[in-house]
Amino acid sequence: MASTETQAGGHAGGAAADERVISVENPATGEVIGTVPDLSAEAVAELAARARAAQPAWEALGFEGRARVMLRAQKWLIDNAERVIRTIVSETGKTWEDAQTAEISYGAAAFGFWARHAEDYLADEKVRTSNLIAKGRRLVVRYKPLGLIGVIGPWNYPLTNSFGDCIPALMAGNAVILKPSEVTPLTSLLLAEGMRECGLPEDVLQVATGGGDTGRAVVDEVDMIMFTGSTRTGRLVARQAAERLIPCSLELGGKDAMIVLADADLERAANTAVWAGFMNGGQTCVSTERIYVEAPVYDEFVAKVTEKARRLRQGVPTGFGTVDVGAVTFPPQADIIESHVRDALDKGARALVGGRRREGPGRFFEPTVLVDVDHSMAAMTEETFGPTLPIMKVADAEEAIRLANDSPYGLAASVFSRDVARAEAIARRLEAGAVNVNDALLNYAVLELPMGGWKASGLGSRHGAGGIRKYCAQQAILVSRLHPRRDVHHFPYDARRSRLISRLFRLLYGRGRRD
Ligand code: NDP
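Nothing here was measured: the structure is a model prediction, and the numbers come from that model.

Thresholds applied
Residues numbered from 1 in each chain as written. Predicted model: local features only at pLDDT ≥ 70, side-chain atom pairs only at ≥ 80, totals over all residues. Heavy atoms only, no water. Helix = DSSP H or I, 4+ residues; strand = E, 2+ residues; numbered from the N terminus. Buried < 20%, exposed > 50% of the residue type's maximum accessible area, 1.4 Å probe, protein only. Contact = heavy atoms within 4.5 Å. Salt bridge = Lys/Arg side-chain N within 4 Å of Asp/Glu carboxyl O. Patch = residues over 30% accessible without salt bridge, like charges linked within 9 Å, V, L, I, M, F, W, Y side chains within 5 Å. Areas by Shrake-Rupley, 256 points an atom, 1.4 Å probe, with all protein chains shown as cover. 1 Å grid on protein atoms, 1.4 Å probe; cavity = no way out; pocket = protein on both sides within 12 Å on 5 of 7 lines; lining within 4 Å. Points joined across faces, edges and corners; volume = space filled by probe spheres on them. Nonpolar A, V, L, I, M, F, W, Y, C, P; charged D, E, K, R; others polar. Core = buried A, V, L, I, M, F, W, Y, C linked by side-chain atoms within 4.5 Å. Axes fitted to C-alpha atoms, helices over the stretch in contact; angles between N-to-C directions. Parallel < 35°, antiparallel > 145°, perpendicular 65-115°, else oblique.

### Side note on the environment of V369
For V369, the position within the fold is in strand β15 (residues 368–371). You can call V369 buried: its relative accessible area is 0%. With 249 residues separating them in the primary sequence, V369 and D120 have C-alpha atoms 46 Å apart. Setting aside anything within four residues of it in sequence, one finds V369 in contact with F278, V305, T306, A309, R350, A351, L352, V353, L389 and I391.

### Comments concerning unusual backbone geometry
Residue P361 is bonded to the preceding G360 through a cis peptide linkage, with omega at 5 degrees. When you line up the elements, P361 lands in the loop between β13 (357–358) and β14 (364–365). Look at the link from F491 to P492: it is a cis peptide, with omega at -5 degrees. You can see P492 is positioned in the loop between β22 (472–479) and α18 (495–509). Positive phi, normally seen in glycine, also occurs at N280, with a value near 55 degrees.

### Digging into the pattern of salt bridges
Considering all chains together, one arrives at 30 salt bridges under this definition. A salt bridge links R20 to D38, with the shortest nitrogen-to-oxygen separation between them at 3.8 Å. With R20 in the loop between α1 (3–10) and β1 (21–25) and D38 in the loop between β2 (32–37) and α2 (41–60), this residue pair connects regions lying 18 residues apart in the sequence. Residue class for D38 comes out buried when judged on its relative accessible area of 14%. Within the structure, one salt-bridge network assembled from shared partners comprises D165, E251 and R462.

### Quick look at a nonpolar patch on the surface
Together, L132, L504, F505, L507, L508 and Y509 line one region of the surface with nonpolar side chains, adding up to about 580 Å² of accessible area. With respect to the helices and strands, the residue Y509 is situated in helix α18. Classification of Y509 by relative accessible area gives exposed; the value is 54%.

### Quick word on empty space enclosed by the protein
Inspection of every chain in the model, using the stated rule, returns four cavities of 30 Å³ or more. Taken as a whole, the largest cavity encloses approximately 90 Å³ of empty space. Taken together, 14 residues make up the lining of the largest cavity; nearest its centre are R290, A404, A412, E431 and A432. The set of elements that each furnish at least two residues to the lining of the largest cavity consists of β10 (256–260), α15 (397–405), β17 (409–410) and β18 (412–416). Grouping the constituent residues of the lining of the largest cavity by class yields eight nonpolar, two polar and four charged. Space inside the second largest cavity adds up to approximately 50 Å³. Lining the second largest cavity, in full, are D256, A257, V286, S287, T288, A412, A413, S414, N436, A440 and L441. Where the lining of the second largest cavity is concerned, the elements lending two or more residues are β10 and β18.

### A word on the nonpolar core
Of all hydrophobic cores here, the largest spans 98 residues; its most connected members are M195, L205 and F301. In terms of residue count, the dominant contributor to this core is helix α5 (residues 96–122) (14 residues). Apart from the residues lying within four places of it in its own chain, the contact partners of F301 are V260, L266, A269, A270, A273, I291, V293 and I391. Residues I259, Y292, V394 and A400 belong to the second largest nonpolar core, which totals 29 residues.

### Topic: the packing of helix α3 (residues 62–79) against helix α4 (residues 81–92)
At a minimum axis distance of 5 Å, the contact between α3 and α4 shows a crossing angle of 70 degrees. One finds that α3 runs roughly perpendicular with respect to α4. Contacts from W76, L77, I78 and D79 in α3 reach A81, R83 and V84 in α4. When grouped by side-chain class, the residues that make up the contact of α3 with α4 number five nonpolar, no polar and two charged.

In structure tokens:
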């Protein structure tokens with residue numbers, strides 16, 4: 001596998017010979033495939049010092065110079081797609097298709113997207129004012145890279161969710177320290193090596209491998225932190241960022257609901273549900289985690305989902321087309337999935353498909369379809385992050401909306417109906433940062449659309465203008481080109497002038513007129 005190769009070429013440096021190491025495991029086979037250093041806070045501080053030294057020249061390169069590196073990296077990713085897929089698959093246990101569709105394609109698109117759009121999103125904005133006192137001034141909002149960005153990523157998408165956030169941060173002109181999950185560090189190391197081959201200057205992007213302590217050390221060093229992971233750790237990161245008064249952007253857990261109305265195209269809804277629930281083994285922040293179906297079509301929808309889920313092949317991914325559902329990447333996750341399914345079954349649910357953890361080697365949980373579920377069950381209310389689809393019958397759309405919103409989370413959701421106007425009206429009533437109509441997950445691939453959670457699902461967003469402006473300090477500039485020696489509001493205060501100003505205010509604002 002790619003690990004030893006990756007390690008040698010990609011390690012960020014800073015680890016002494018006697019430093020602790022982390023073993024990386026292939027979750028589909030149980031084999032140890034490599035080791036990486038578990039960096040100390042001192043080592044992270046060294047990386048940060050080097051990054052800060054390298055950043056000004058990277059910023060000075062300008063958008064065009066940085067875009068050239070990104071576009072070379074885009075080609076590098078496609079030229080090396082098989083090597084990257086092998087690395088992703090080896091440390092996550094996901095299928096080759098999941099690595100290609102949701103990681104390679106995302107990374108390749110993101111390199112091109114940010115290379116082309118960064119300059120537009122970060123261009124100076126001319127502003128006009130209605131304030132008479134400031135009339136005639138030149139007013140500009142400009143965006144300046146913050147300097148050093150920390151990206152802390154999870155294990156479910158080592159390219160998309162970890163490395164992917166480095167791309168806009170770098171395009172904005174920042175240096176970046178990426179702290180990948182300790183479970184899946186090899187992909188980040190390989191990509192950092194690829195970026196160097198494409199001409200990214202030394203130390204502009206560094207990978208700090210390690211566990212939670214390394215993550216904390218990164219937050220201590222950077223000017224802004226982009227975090228993706230659990231709500232629990234997200235709160236810790238936000239607290240630490242607050243102590244340092246640095247901005248943070250958080251993409252956290254979700255419990256995404258799908259609503260299937262009686263007039264939906266049930267074949268499409270069932271195909272989408274099975275894919276959005278089981279792709280990547282259900283380990284996607286925007287996986288479909290619970291489904292509400294209107295009573296008249298409930299039985300037919302369940303029959304379709306059940307039949308499709310039964311046909312899914314699960315096992316060790318060895319190439320394209322070998323399996324449909326891969327392994328459970330994160331060791332404790334199998335216990336969480338099992339406990340949610342057990343809790344549901346104990347409270348009266350039935351598993352129409354699956355329902356069990358598979359015997360090793362490797363860590364697998366069967367694709368599972370649960371019915372007779374309700375909100376007393378963890379499977380309907382807590383993030384399962386595994387291959388489970390609990391389906392609940394509802395009387396009507398109103399009940400579906402109420403239940404979909406009965407959650408501390410608000411990441412994404414979907415609504416299925418042939419009446420797209422009605423479905424969109426329902427989408428607007430859902431408490432979620434993104435809603436797909438007659439689709440699921442797709443919004444994530446649209447880099448023009450902001451992706452960010454409501455409620456306990458996060459703060460801020462990735463993608464779109466906000467997805468790169470957050471890596472910058474915003475500066476407002478006011479230039480008085482005509483400069484009389486004294487303005488009307490300057491000292492000394494004078495009663496006659498003040499009364500004139502009062503009259504002016506009355507004229508401007510006192511007539512109850514809307515301008
Ligand atoms: P965490 O939120 O704990 O980890 C995410 C990242 O944060 C990892 O790189 C982790 O390092 C790092 N980290 C851990 N503690 C700290 C800290 N105190 N300060 C800074 N960084 C830290 O997620 P888990 O991997 O433990 O997964 C737990 C749950 O999170 C899952 O069961 C799932 O429900 C949810 N999750 C949500 C994701 C999403 O996309 N929204 C993605 C992954 C998980 P390390 O891995 O080395 O501990």
